[in-house]
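Reading the structure
Below, each chain spelled out in residue letters.
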Amino acid sequence: MPPTLASLVHHSTLKLTVRAGEGRLDTPVRWAHVSELADPVPYMEGGELLLITAMTLDTDDQESMRRYVRRLAKAGVVGLGFAVGVHYDDIPPALVAAAEEEGLPLLEVPRRTPFLAISKAVSAAIAADQYRSVTAGFEAQRELTRAALGGDGPGDLLARLAVHVNGWAALYDAAGTVVAAAPEWAARRAARLTPDVARLGERPAPASAVVGGSDDRVELQSLGTGRRPHGALAVGTGAPLGTAERYAVHSAIALLTLTTERSRALRAAEDRLGAAVLRMLLAGEPDHARAVAGDLYNGLLDAPYRLLIAEGTSAALQELAESLEAGASRAGEMVLVVPEGERLVVLATDGGAAVTACTAYAGEIEARRDSPADTRAPAAAGEEEQVVIGQSAPAGTIAAASAYRQAEQALSVARRRGRILVEHEELAAGSVVPLLADDAVRAFADGMLRPLHEHDATGRGDLVASLRAWLAHHGQWDAAAADLGVHRHTLRYRMRRVEEILGRSLDDPDVRMELWLALKATSMP
């Protein structure tokens, strides 16, 4: 605790006597200052104990004393020390009355107590308080470091921090979700601050904010050193933090930053290891992949998983990766995230939190894109949507290559359909016909059927309609001819003309398939 007027009054060697303002003696004293100026206010900063002998004051003028005391109180002076036995044998009654009226503590300083002794007492008390704060801060730092190295996660560190600040503490991940809190009840309080944490996350780290509540004062601190924070720390107290508490909070920020934002070298090494594991899986070497991965991806390579491939801007891919990793971390799952240039390849447990987070991420973007109430700037909205994701069906380690192909196919369909996420199971459901609504497919179909359309345009026969009817009836002459209203020999002649014009045989099933798809593609709106 810093020195107060009460502690100075009780100081055994100073022998100070309270003459006014007894009810405000618990006020902290920042410094003791001597001034005989009639108006010392321009030289005050607030929090001072002003020591005077009233050498230049008109102590007989009651109104003058009122103005003097009022200006001191307004400037933040916490007390007035008057030396008796120098110019006055007793404190002038007008000054005592003015101090009582204003509620400003007035201390009588005996003749044998020099002002220097008071200044030394205040200075020594401030130094002792600072020493106690620094010592307590270092002790808090040691305790928090031991908690961080204990391997039990951030919970123990937050619990010790909450004790040191006499309040509560909570940790948020990059998505703004509460990861841990101490005491346990603080999780509910911390959850109500999610919008404030989101706003803090929009600012480059390090960043801080103070949120005032009805019951506490909360300081928010971002964690990380990059453009995007990797988390946030909330500390709630009943009053502003003191020096010792500030030391503890700064130590916690440093430790949590180290644990949530691993060194670049370690992260790069993990990325290289993850890429090597993925290459081994795709090469059909799951045993080698397990041996290389060790415990890093414990359980992920043995359970059914899904493979996701995402393409987009670096910012969008980073946001997606953080969302998946945060979801997996909260659920205690492992997830393999491998950046590949403008792509992101992810191996995640089937039905797990990372897959769920991916679906939720895509759903939120599509919902905002389709909502007329989306008031974001076009540039911000466009950057967010510059990501497409393809997701494979559930697979095991021996089918990694097949899962990769499925994810690529789903990704291709997502691009064509303007979707954020397409799962491979969707491709097998419904019809293949909508996939033909592609400019390249239409161009191929038009080129393939152009000779037949040019023939029909001359009025020499309806080869396109005849070909469509013949293929629709699986090459059955009588049924197709009846549908067209012509003799079957006429239809046979027309099919020979199709073969002659196209230079291809209708006996080839591949040719029949291509012609049917071409007819379907050109008939789509």
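Everything here concerns the structure above.
Residues numbered from 1 in each chain as written. Predicted model: local features only at pLDDT ≥ 70, side-chain atom pairs only at ≥ 80, totals over all residues. Heavy atoms only, no water.

**A few points about the overall build of the chain**
Applied cut-off: Only runs of H or I of at least four residues qualify as helices and only runs of E of at least two qualify as strands under DSSP, and these elements are numbered from the N terminus. Note on classification: 1.4 Å probe, protein chains only; a residue is buried when its accessible area is under 20% of the maximum for its type, exposed when over 50%, partly exposed between these limits. The contact definition used throughout considers only heavy atoms, calling two residues in contact when any of these lie within 4.5 Å. Residue burial considers only the protein chains on display, and all accessible areas are found by Shrake-Rupley using a 1.4 Å probe. Charged residues are defined narrowly, with Lys and Arg counted positive, Asp and Glu counted negative, and His plus the chain ends left uncounted. Charged side chains are reduced to one point each, which is NZ for Lys, CZ for Arg, CG for Asp and CD for Glu.
When its secondary structure is counted, the chain shows 20 helices and 15 strands. For the chain, the C-alpha atoms occupy an extent of roughly 140 × 55 × 35 Å along the three principal directions. Going through the 525 residues of the chain one by one, you find that 42% of them count as buried. Within the chain, counting contacts between residues at least 6 apart in sequence, those at least 24 apart form 61% of the total. Looking at the chain as shown, the accessible area adds up to about 26500 Å², and 53% of this sits on carbon and sulfur atoms. Within the chain, one finds 54 positive and 69 negative side-chain charges whose respective centroids are separated by 2 Å.

**Concerning the pairing of strand E10 (residues 231-237)**
Basically, it comes down to this: For two strands to be treated as a pair, DSSP must find no fewer than two bridges joining them.
Counting buried positions along E10 gives seven out of seven residues, so the element sits mostly inside the fold. Here E10 shows a buried face lined by Gly231, Leu233, Val235 and Thr237 and a second buried face lined by Ala232, Ala234 and Gly236. As paired strands, strand E6 (residues 168-173) and E10 are joined by six bridges and run antiparallel to one another. Along E10, the bridge assignment pairs Tyr172 with Ala232.

**A look at the side chain of Ser222**
What counts here: N or O atoms within 3.5 Å of each other form a polar contact, as long as, within protein, one can give a hydrogen and the other can take it, and as long as residues adjacent in sequence are counted only when both atoms are side-chain atoms.
Locating Ser222 in the fold gives a position in strand E9 (residues 217-223). Of note is the side chain of Ser222, whose polar atom sits 2.7 Å from the backbone nitrogen of Ala207. With residues up to four places along the chain from it excluded, the contact list for Ser222 reads Leu200, Ala205, Pro206, Ala207, Pro229, Gly231, Ala232 and Ile253.

**Thoughts on the sheet that holds E10**
The test is simple: Working convention: axes come from line fits to C-alpha atoms, limited for helices to the stretch in contact. Angles between N-to-C directions cover 0 to 180 degrees.
Sheet architecture is open: five strands sit in the order E7-E6-E10-E9-E8, paired in antiparallel fashion. The open sheet has two edge strands with one neighbour each: strand E7 (178-182) and strand E8 (208-212). Sheet twist, expressed as the mean angle between neighbouring strand axes with direction ignored, is 15 degrees. Each of E6, E8, E9 and E10 is contacted by helix H7 (residues 194-201), which is oriented at about 40 degrees to E9, the strand it contacts most.

**A short note on the pattern of salt bridges**
Quick reminder of the rule: Whenever a carboxyl oxygen of Asp or Glu lies within 4 Å of a side-chain nitrogen of Lys or Arg, that contact is scored as a salt bridge.
Enumeration according to the criterion identifies 26 salt bridges in this entry. Here Glu408 and Arg343 are joined by a salt bridge, their closest N and O atoms 2.9 Å apart. On the criterion of sequence distance, the pair formed by Glu408 in helix H14 (residues 400-417) and Arg343 in strand E13 (residues 343-349) is long-range, its members being 65 residues apart. Among the residues examined, Glu408 registers a relative accessible area of 31% and is labelled partly exposed.

**Some remarks on helix H20 (residues 509-523)**
The following threshold applies: Helices are assigned an expected span. That span is 1.5 Å times one less than the residue count. Directions drawn from the helix axis to the C-beta atoms are what define this arc.
Taking 1.5 Å per residue as the helical rise, H20 with its 15 residues ought to reach 21 Å, and the 21 Å between its terminal C-alpha atoms agrees with that figure. Residues of H20 that are buried: Val511, Leu515, Ala518, Leu519 and Ala521. Taken around the axis of H20, the buried residues stretch over an arc of 165 degrees, which confines them to a single face. Of the residues that open H20, the one with a side-chain oxygen 2.9 Å from the backbone nitrogen of Asp510 is Asp508.

**A short note on the packing of aromatic side chains**
For the record, the criterion: Paired rings are identified among Phe, Tyr and Trp, the last through its six-membered ring, by centres lying within 6.5 Å, and are further divided according to the angle between planes into stacked (under 30 degrees), edge-to-face (over 60) and tilted (the rest).
The tally for this structure, following the rule as stated, stands at three aromatic pairs. Relative to Tyr88, the ring of Phe82 lies with its centre 6.0 Å away and its plane at 55 degrees, an arrangement referred to as tilted. The interplanar angle of 45 degrees and the centroid separation of 6.1 Å between the aromatic rings of Phe138 and Tyr247 together place this pair among those described as tilted. Pair noted here: Phe138 is in helix H4 (residues 115-149) and Tyr247 is in helix H8 (residues 243-260), with a separation of 109 residues, a long-range link. Tyr247 gets classed as partly exposed once you look at its relative accessible area, which sits at 32%.

**Regarding the nonpolar core**
The test is simple: Throughout this description, the term nonpolar core refers to a set of buried Ala, Val, Leu, Ile, Met, Phe, Trp, Tyr and Cys residues connected via side-chain atoms within 4.5 Å.
Val277, Leu281, Leu307, Leu336 and Leu347 are the most contacted members of the largest nonpolar core, which totals 27 residues. Those elements giving two or more residues to this core turn out to be helix H9 (264-282), helix H10 (286-293), strand E11 (305-312), strand E12 (335-340), E13 and H14. Of all the elements, H14 adds the most residues to this core, at eight residues. In this structure, Leu281 is in contact with Pro286, Ala289, Leu301, Leu347, Thr397, Ala400 and Ala401, ignoring residues within four places of it in sequence. Within the second largest apolar cluster, 24 residues are counted, among which are Ala316, Leu317, Val335 and Val355.

**Quick word on the sheet that holds strand E1 (residues 17-20)**
Taking strand neighbours across the sheet as the criterion, the five strands line up as E1-E5-E4-E3-E2 in an open arrangement whose pairing is mixed. Two strands lie at the open edges of the sheet, namely E1 and strand E2 (31-34), each paired on one side alone. Neighbouring strand axes in the sheet, compared pairwise and without regard to direction, differ in orientation by 30 degrees on average. In terms of strand pairing, strand E4 (residues 79-83) meets strand E5 (residues 106-109) through four bridges, oriented parallel. Residue pairing for E5: Ala83 is matched across the bridge by Val109. Lying on the sheet, helix H3 (residues 93-102) is in contact with E1, strand E3 (48-52), E4 and E5; it crosses E1 at an angle near 75 degrees.

**Quick notes on helix H16 (residues 439-457)**
Selection rule: Here the bend at each residue means the angle between axes fitted to two seven-residue stretches, the one ending at that residue and the one beginning there.
Along its length, H16 shows its largest kink, about 50 degrees, at Arg450, and proline Pro451 lies within four residues downstream of that point. Taken together, the buried positions of H16 are occupied by Ala445, Met448, Leu449, Leu452, His455 and Asp456. Considering only its buried residues, H16 is in contact with helix H17 (463-472), helix H19 (488-502) and H20. Just downstream of H16, Gly459 is the residue with a positive phi angle, here 80 degrees.

**Section: the packing of helix H18 (residues 477-484) against H19**
Quick note on the threshold: Angular relationships are summarised with four words: roughly parallel below 35 degrees, roughly antiparallel beyond 145, roughly perpendicular across 65 to 115, and oblique for the angles in between. Polar here means any residue outside two lists: the nonpolar Ala, Val, Leu, Ile, Met, Phe, Trp, Tyr, Cys and Pro, and the charged Asp, Glu, Lys and Arg; Gly therefore counts as polar.
Between H18 and H19, whose axes approach to 9 Å, the crossing angle comes to 100 degrees. In terms of their interaxial angle, H18 and H19 are classed as roughly perpendicular. Taken together, the residues of H19 that come into contact with H18 (itself represented by Trp477, Asp478, Ala480, Ala481 and Leu484) are Arg488, Leu491, Arg492 and Met495. A class-by-class count of the residues in the contact of H18 with H19 yields six nonpolar, no polar and three charged.

So far we have only geometry, and geometry alone does not tell us how the molecule works.
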